[in-house]
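Here is what each chain is made of, one letter per residue.
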Amino acid sequence: MIQITVLDDRHTEECGAGCCMDWSSPESIMLVNQQAGERFGDKVRLEYLNMSITAANPDMLKWKDEIRNKNLLLPLLLVNGHLRISGPFDMRQLMDTIEFETEMRI
């Protein structure tokens, strides 16, 4: 199982030119889950975490510190808890990341 987490903070400003997928949208998450399921079966689980409303836990506090200390851009794409992309990314980049992870596990 590959755990994909999109970590974002909807209180930050979005790109005005529509350069980033709206990961907070339930429709976006449903679409990604559907496409990932068709392409990778049940090997992938995707979740979206909004840092501005997610309860504080040790992992969330760790990521908030990482973002601040390393000047990371949101959203973050995490695979099994490890940072893969910092900053805006689209569905193609997410699918490429999942494909890479599945190939590395073979």
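None of the values given here were measured: they were computed from a predicted structure.

1. Observations regarding the nonpolar core
- Grouped together as the largest cluster of nonpolar side chains are 20 residues, with contacts concentrated most on Ile4, Val6, Trp23, Val32, Leu94 and Met95.
- Put simply, the parts of the chain that give this core at least two residues each are β1 (2–8), α1 (26–40), β2 (44–50), β3 (76–79) and α3 (91–104).
- For Ile4, the residues in contact, after removing those within four places along its chain, are Val44, Arg45, Leu46, Glu47, Leu77, Leu78, Val79, Leu94 and Ile98.

2. Re α1
- Taking 1.5 Å per residue, 15 residues should reach 21 Å; α1 reaches 20 Å between its end C-alpha atoms and fits that length.
- Listing the buried residues of α1 in full gives Ser28, Ile29, Val32, Ala36 and Phe40. End-on view of α1: buried residues confined to an arc of 95°, all on one side of the axis. Those residues of α1 that are exposed and aimed more than 90 degrees away from the buried face are Pro26, Glu27, Met30 and Glu38.

3. Focus on the pairing of β3
- Both faces of β3 are covered, namely the face carrying Leu76 and Leu78 and the face carrying Leu77 and Val79.
- What sits between β3 and strand β4 (residues 82–86) in their antiparallel hairpin is a turn of two residues, with Asn80 showing a positive phi close to 50°.

Analysis parameters
Residues numbered from 1 in each chain as written. Predicted model: local features only at pLDDT ≥ 70, side-chain atom pairs only at ≥ 80, totals over all residues. Heavy atoms only, no water. Core = buried A, V, L, I, M, F, W, Y, C linked by side-chain atoms within 4.5 Å. Buried < 20%, exposed > 50% of the residue type's maximum accessible area, 1.4 Å probe, protein only. Helix = DSSP H or I, 4+ residues; strand = E, 2+ residues; numbered from the N terminus. Contact = heavy atoms within 4.5 Å. Expected span 1.5 Å × (residues − 1). Arc of directions from axis to C-beta. Pairing = 2+ DSSP bridges.

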